[in-house]
Amino acid sequence: MHARHRIASIAAVSVLAILAASAGAQRGAPAHSQADVTARIVAAAQGVLTALDDSRRAKVQFPFDSPQKTNWSNLPSPMFQRNGLRLADVTAAQRGAVMTLLSVALSRDGYRKVIDIMRGDEVLRTTQSSGGAGRGRGRGPGGTGGPAFGENEYYLAFLGTPSTTAPWRLQFGGHHLAINLTLAGSQATMAPSLPAAQPASYAFEGRTVRPLGSENDKAFALINALDAGQRGQAILNYRVADLVLGPGRDGRAIEPEGIRASALAAAQQQALLDLVREWAGIINDAFAEPRMAEIKTNLPNTYFAWSGPTTNGSAAYFRVQAPTLIVEYAPQQGSVDHIHTIYRDPTNDYGAKITAK
Amino acid sequence: MLLSAGRPSAHRVDEYLQAARLDIYPDRVEIVLDLTPGVAVAREVVQALDRDLNGAIADNEARAFAEDVLRAIAVDVDGVRVRVALVESMSPTIDTLLRGDGAVRIRAAAPIPPLAEGLHHLRFRNEYRGDAGVYLANALMPATDRVVVAAQHRNVDQRDLVVDYNLRGTPATRVRRGLPVGVACGLVLALQVWWRRRPRERA
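These numbers were taken from a predicted model, which means no experiment stands behind them. Here the residue index of a chain counts from 1 through its sequence in written order. Whichever chain is written first is A, and whichever ligand is written first is 1; the rest continue in order. Predicted model: local features are reported for residues with pLDDT of at least 70 only, side-chain atom pairs are reported and counted for 80 or more only, and whole-chain, interface and lining totals are derived from all residues. Side-chain calculation: all heavy atoms of the structure are included, whereas hydrogens and water are not.

1. A look at the overall build of chain A
Filter applied, for reference: The way it works is that DSSP assigns letters per residue, a run of H or I at least four long becomes a helix, a run of E at least two long becomes a strand, and they are numbered from the N terminus. Summary of the burial criterion: residues with accessible area below 20% of their type's maximum are buried, those above 50% are exposed, and those between are partly exposed, where the area comes from a 1.4 Å probe applied to protein chains only. The criterion used for residue contact is that any of the two residues' heavy atoms lie within 4.5 Å. The Shrake-Rupley method, run with a 1.4 Å probe, gives the accessible areas here. Residue values count only the displayed protein chains as cover.
Secondary structure summary: chain A contains nine helices and 14 strands in total. For chain A, the proportion of its 357 residues judged to be buried stands at 58%. Taking contacts inside chain A between residues at least 6 apart in sequence as the whole, the part at least 24 apart equals 65%. Of the roughly 13,300 Å² that chain A leaves accessible, carbon and sulfur atoms contribute 54%.

2. Things to note about the interface of chain A and chain B
As a reminder of what qualifies: Accessible surface is computed with a 1.4 Å probe, and the buried area is the amount of it that two parts give up when combined, taken over both parts together. Between Lys or Arg on one side and Asp or Glu on the other, a salt bridge is scored when a side-chain nitrogen of the former is within 4 Å of a carboxyl oxygen of the latter. Nitrogen and oxygen atoms within 3.5 Å of one another constitute a polar contact, given that in protein one can donate a hydrogen and the other can accept it, and given that sequence-neighbouring residues count only through two side-chain atoms. Side-chain classes follow a simple rule in which Ala, Val, Leu, Ile, Met, Phe, Trp, Tyr, Cys and Pro form the nonpolar group, Asp, Glu, Lys and Arg form the charged group, and the remainder, Gly included, forms the polar group.
Taken together, the contacts link 42 residues of chain A with 39 residues of chain B. Carbon and sulfur atoms make up 52% of the area that chain A and chain B hide from each other, which totals about 3,300 Å². Three residues stand out in chain A for area buried against chain B, namely Arg252(A), Glu255(A) and Gln333(A), and they jointly supply 21% of the buried area on that side. Its salt-bridge partner being Arg239(A), residue Glu15(B) comes within 3.4 Å of it at the nearest N-O pair. Where chain A packs against chain B, one counts eleven residue pairs in polar contact (both at pLDDT 80 or more). Of all elements in the fold, only helix H5 (108-130), strand S8 (202-204), strand S12 (317-322) and strand S14 (335-344) of chain A reach the threshold of two or more residues within the side of chain A that touches chain B. It is H5(A) that contributes the most residues to the side of chain A that touches chain B, six residues altogether. Considered class by class, the residues forming the side of chain A that touches chain B number 19 nonpolar, eleven polar and twelve charged.

3. Here we look at the pairing of strand S3 (residues 155-159) of chain A
All names here are of chain A. For clarity, the cut-off: A pair of strands is considered paired only if DSSP assigns at least 2 bridges between the two.
Here S3 lies mainly inside the structure; five of its five residues are buried. By the alternation rule, side chains of S3 split into Tyr155, Ala157 and Leu159 and Leu156 and Phe158, which are all buried. Here two bridges tie strand S1 (residues 61-62) to S3, and the two strands are oriented parallel to one another. Bridged to Gln61 within S3 is Phe158. Pairing between strand S2 (residues 85-86) and S3: two bridges, direction antiparallel. Looking at S3, one finds that Arg86 is bridged to Tyr155. As judged from the five bridges shared by S3 and strand S4 (residues 168-174), these two strands associate in the antiparallel manner. Bridge pairing in S4 links Leu159 to Arg169.

4. Here we look at the domain arrangement of chain A
Residues and elements named next belong to chain A. Test applied: An automatic or database domain assignment provides the domain bounds reported here.
Domain annotation for chain A reports domain 1 (6-204) and domain 2 (212-351). On the domain 2 side, the residues contacting the 40 residues of domain 1 number 28 residues. The largest contributions to the domain 1 side of the interface with domain 2 come from Lys113, Met190 and Pro195, which together make up 18% of the buried area. In this structure, the connection of domain 1 to domain 2 is made through two salt bridges.

5. Some remarks on the packing of helix H8 (residues 266-280) of chain A against helix H9 (residues 285-297) of chain A
Residue and element names in this part refer to chain A. Stated formally: To define axes, lines are fitted to C-alpha atoms, for helices over the stretch in contact only, and angles between the resulting N-to-C directions are given on a 0 to 180 degree scale. Working definition: roughly parallel below 35 degrees, roughly antiparallel above 145 degrees, roughly perpendicular at 65 to 115 degrees, and oblique for all remaining angles. Left-handed describes a crossing whose near helix is turned anticlockwise from the far helix through less than a right angle; right-handed describes the clockwise counterpart.
Close contact between H8 and H9 brings their axes to 11 Å; oriented N to C, the two are set at 140°. Classified by the angle their axes make, H8 and H9 are oblique. Handedness of the H8/H9 crossing: right-handed. Facing H8, whose interface residues are Leu273, Val276, Arg277 and Ala280, H9 presents Ala288, Glu289, Arg291, Met292, Ile295 and Lys296. Each residue belonging to the contact of H8 with H9 can be placed in one class, and the counts come to six nonpolar, no polar and four charged.

6. Concerning the packing of aromatic side chains
Rules: Ring geometry is summarised as follows: Phe, Tyr and Trp rings, the Trp one being its six-membered ring, pair when their centres sit within 6.5 Å, and such pairs are stacked at plane angles under 30 degrees, edge-to-face over 60 and tilted between the two. Put simply, a charge is over a ring when the Lys NZ or the Arg CZ is close to the ring centre, within 6 Å, and near the line of the ring normal, within 35 degrees.
Within the structure shown, the criterion is met by ten aromatic pairs over all chains. Here Tyr16(B) and Tyr128(B) contribute two aromatic rings whose centre-to-centre distance is 5.9 Å and whose plane-to-plane angle is 70°, an arrangement assigned as edge-to-face. On the criterion of sequence distance, the pair formed by Tyr16(B) in strand S2 (residues 16-24) and Tyr128(B) in the loop between strand S8 (118-126) and strand S9 (133-139) is long-range, its members being 112 residues apart. With respect to burial, Tyr16(B) and Tyr128(B) carry one shared label: buried. For the pair Phe65(B) and Tyr128(B), a centre-to-centre distance of 6.4 Å together with 90° between the ring planes defines the contact as edge-to-face. Of the two residues, Phe65(B) sits in helix H2 (residues 59-71) while Tyr128(B) sits in the loop between S8 and S9, which places them 63 residues apart along the sequence. As far as burial versus exposure is concerned, Phe65(B) and Tyr128(B) are alike and both buried. An aromatic cluster is present here, built from Phe220(A), Trp279(A), Phe304(A), Trp306(A), Phe318(A) and Tyr329(A) joined pairwise through their rings. Over the ring of Tyr25(B) we find Arg28(B), and its NZ or CZ is 3.9 Å from the ring centre.

7. Description of the nonpolar core
Filter applied, for reference: Buried residues of nine kinds, namely Ala, Val, Leu, Ile, Met, Phe, Trp, Tyr and Cys, make up a nonpolar core once their side-chain atoms join them within 4.5 Å.
One finds Phe158(A), Leu170(A), Phe172(A) and Phe304(A) to be the most contacted residues of the largest nonpolar core, which totals 75 residues. Top contributing element to this core by residue count: helix H2 (residues 34-51) of chain A, with eight residues. In terms of domain composition, this core takes at least three residues from each of domain 1 (6-204) and domain 2 (212-351) of chain A. Not counting residues up to four positions away in its chain, the partners in contact with Phe172(A) are Leu87(A), Val98(A), Leu102(A), Val114(A), Met118(A), Tyr154(A), Tyr155(A), Leu156(A), Leu177(A), Ala178(A) and Ile179(A). Core analysis: the second largest hydrophobic core is formed by 41 residues, Val41(B), Val45(B), Ala139(B) and Tyr165(B) among them.

8. Topic: the sheet that holds strand S7 (residues 104-111) of chain B
Residue and element names in this part refer to chain B. Pairing in this open sheet of five strands is mixed, and the strands run S6-S7-S3-S2-S9 from one edge to the other. In this open sheet, the two strands that pair with only one neighbour each are strand S6 (85-90) and S9. Averaged over neighbouring strand pairs, the angle between their axes works out to 15° when direction is ignored. With seven bridges joining them, S2 and S9 adopt parallel strand pairing. Paired with Arg21 across the two strands is Asn138, which belongs to S9. Sitting on the sheet, helix H1 (residues 39-49) touches S2, strand S3 (28-37) and S7, and the angle it makes with S3 is about 120°. Lying on the sheet, H2 is in contact with S2, S3, S6 and S7; it crosses S6 at an angle near 130°.

9. Describing the packing of H2(A) against helix H4 (residues 92-105) of chain A
All names here are of chain A. Where H2 meets H4, the axes come as close as 9 Å, and the angle between the chain directions of the two elements is 170°. Between H2 and H4, the angle falls in the class roughly antiparallel. Residue-level inspection shows Arg40, Ile41, Ala44, Ala45, Gly47, Val48 and Ala51 of H2 in contact with H4, the latter providing Gln94, Ala97, Val98, Leu101, Val104 and Ala105. Classifying every residue of the contact of H2 with H4 gives ten nonpolar, two polar and one charged.

Here it is, written out as structure tokens:
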């Protein structure tokens, strides 16, 4: 491609990106239709593809039903071998196009959560680097030694061709993050996805950042809003050390346990919905709202289970489970500073329902 | 500027996570067991897997390891022990295990003898590596409507799980059971129709 042509392409991408970003920044203003948002996401994805050269474009594209679909993990690379376009390997303009795509595909809070998780991994990288031992230097795949942490160690992949009509997937992830967004025309799902955090609290530009702080605080508020009888139903009498339905455990749901939401008062039910929104609302609002409506419809058959202490600041596991929803929150090895969570829809993981022919 | 508020500890260290999922059918229980040794115990696990010490885990070594694990697992149905047989064992590479995040996956199954319809109790006990083990044990939502899980009871560390479940009849037996009631209802209905339509004597 000639240089002039490339500059024109990048300029076009930038204009598209700015338009898309401004659309993304206007959530709070009148809601866009799902079809509008799909079109914006597709435009932003095409913006990424246009910004890439041939070799990088080849890295980001996969067939719709390739094994890449389930190739995600909470683990850092290269412990877990990721495929796709690595942020460390792109130019600043290309990275800008990728981040613009995420800002359009996700809600404002969802995008912030992703950025906070990535920044947290940067904290891990700098802390581990200063700690020596040859770990966490962000070397990435092919490097020797320990895991590669940091903001550059995240990967983008498209499964299928970005389209406003045909199904395709946007996959973005790295250590402690897996976003699996399946789109099919005006419908979309972000199940399964894995937001996690380590450290769970860090300082950035003079403020404290807690990537999963709202999830933690809302859950503790809910468990403490239950009366003794309700807590007796919600609190499991055994320890839960990790996610039950984490990465690699697709396809089946476990038997629900805990207190049924039909046994909660209206305010408690609302608190449960607010808690679930922390995961269901990561996706763009246009898709989050119908998803929340579905979750609300299923509220009578929704269960809330808790394992561990009920004082905020303690390490406690919880799970919300409904016919179309599973959320788990699992502190690792008893640490409040290392959290794994998972978000699933047993009926629509990877868009099984919306892509069914 | 980025500053951490906590200690960065990357992954599982001295724990040996053992996550079991039980899939109950009328005639069998299928078990998936994921074993994830932390870095501090991974070398022992690798030694148990790589028996010929050639630096790779062969299929027969993975099977032999899995058989050892299954010897520490017991399944009872209504108090009667059933035999747990290995179906498949899959191991990651030694390097992955030594990094502390590889999981050995064992698939096993145990036949359940013919049972009457009604409430039954399946007990799963995992005594493997109790010195370092951290356990998860859960019943999956059954794939058949003939099995309905009523409750799960665990000890505090989840080494011991009892699943109370109801076994329902096959569609054929449900039809057969409903047949007398259906016939009786039909007869009552026919009698009513006949009674209303019978020829009445004129006054």
